[in-house]
Amino acid sequence: MAFWDNLRGGAAQFDSGAAASNAIDLTKRRPSVSLSKQGAATGNLRVNLSWRMRTSDIEGRSRGGSGLLRHPLRFFKPDVVQAHTQSMVNVDLDIGCLYEMADGSKGVVQPLGGFFGDLNASPYVKLSGDDRFGAPSGETIFVNLDHRDAIRRLLFFVYIYDQTPAFDRTHATMTLYPSNGPRIEIQLDERAPQARSCAVFMLENVKGDLQVRREVRFVYGFQAELDRLYGWGMQWGRGFKAGKT
């Protein structure tokens, strides 16, 4: 059981990944991209959260310097610790989505509380189980963009359920797979050791233009704090995961 304290544009500029990876990286410097201008505002948008654990070897390698001089073979040690496996630190990141529809209705899609949404009816947002779609790690949410006119804004977020805050011990990435064009990647690359939640990106319908805007804003509470931060105006209570007590 977890306690939830009152469980709330612009031009398309981006950093392109390597040609082989066919990806767009949203960063602080260039935080947004238009799905409409990319010809990707229809069909099912797949949003996947994946992560791997940081290790002392990885951290030592990233710092370089004397650590590598003393232990040069560390550079060749593979990064093998993946999400949803038995690892040195047990961290379970969950994906969620706050939605606001064009008719003013609001809600949340998330595993906590069993709010899985619906792909063919409002909110046209659906949380998928890993096994059904064969995702090797993380979790996936689908958005039916054929009903984009019914959507005002979607805030995708990540939270740590029922465990010690550990965002600083993970390399997490949220990846968007549109029906057309390159995928879009957002790294949760800022350190926030005590944070329990992170608003990752906003998908917003701006006068018919579907825009993705990077947020990556860590908070120390849960959904209620994200709600207040973005003005959703919902009431929150305690939440449970299926199978948890």
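In this text, all values refer to a predicted model and were calculated from it rather than measured experimentally. (Residues numbered from 1 in each chain as written. Predicted model: local features only at pLDDT ≥ 70, side-chain atom pairs only at ≥ 80, totals over all residues. Heavy atoms only, no water.)

Q: Please provide a residue-by-residue account of the sheet that holds strand β13 (residues 197-206), values included.
A: The strand order β3-β14-β13-β10-β5-β6 describes an open sheet built from six strands, whose pairing is antiparallel. The open sheet is flanked by β3 (32-34) and β6 (106-109), the only strands paired with a single partner. Averaged over all neighbouring strand pairs, the angle between strand axes comes to 20 degrees, with direction disregarded. Bridge count for strand β5 (residues 93-101) against strand β10 (residues 151-160) is nine bridges, and the pairing is antiparallel. Its bridge partner lying in β10, Tyr99 is registered against Leu154. Packed on one face of the sheet, helix α4 (residues 223-230) meets β10, β13 and β14 (209-219) and runs near 125 degrees to β14. (Pairing = 2+ DSSP bridges. Helix = DSSP H or I, 4+ residues; strand = E, 2+ residues; numbered from the N terminus. Axes fitted to C-alpha atoms, helices over the stretch in contact; angles between N-to-C directions. Contact = heavy atoms within 4.5 Å.)

Q: Residues and numbers for the environment of Asn180, please.
A: Among the structural elements, Asn180 can be located in the loop between β11 (170-177) and β12 (183-188). A residue is classified by how much of its surface remains accessible, and Asn180, at 40% relative accessible area, is partly exposed. A sequence separation of 141 residues divides Asn180 from Gly39, and the C-alpha atoms of the two residues are 6.5 Å apart. Every residue in contact with Asn180, bar those within four places of it in the chain, is listed here: Gln38, Gly39 and Ala40. (Buried < 20%, exposed > 50% of the residue type's maximum accessible area, 1.4 Å probe, protein only.)

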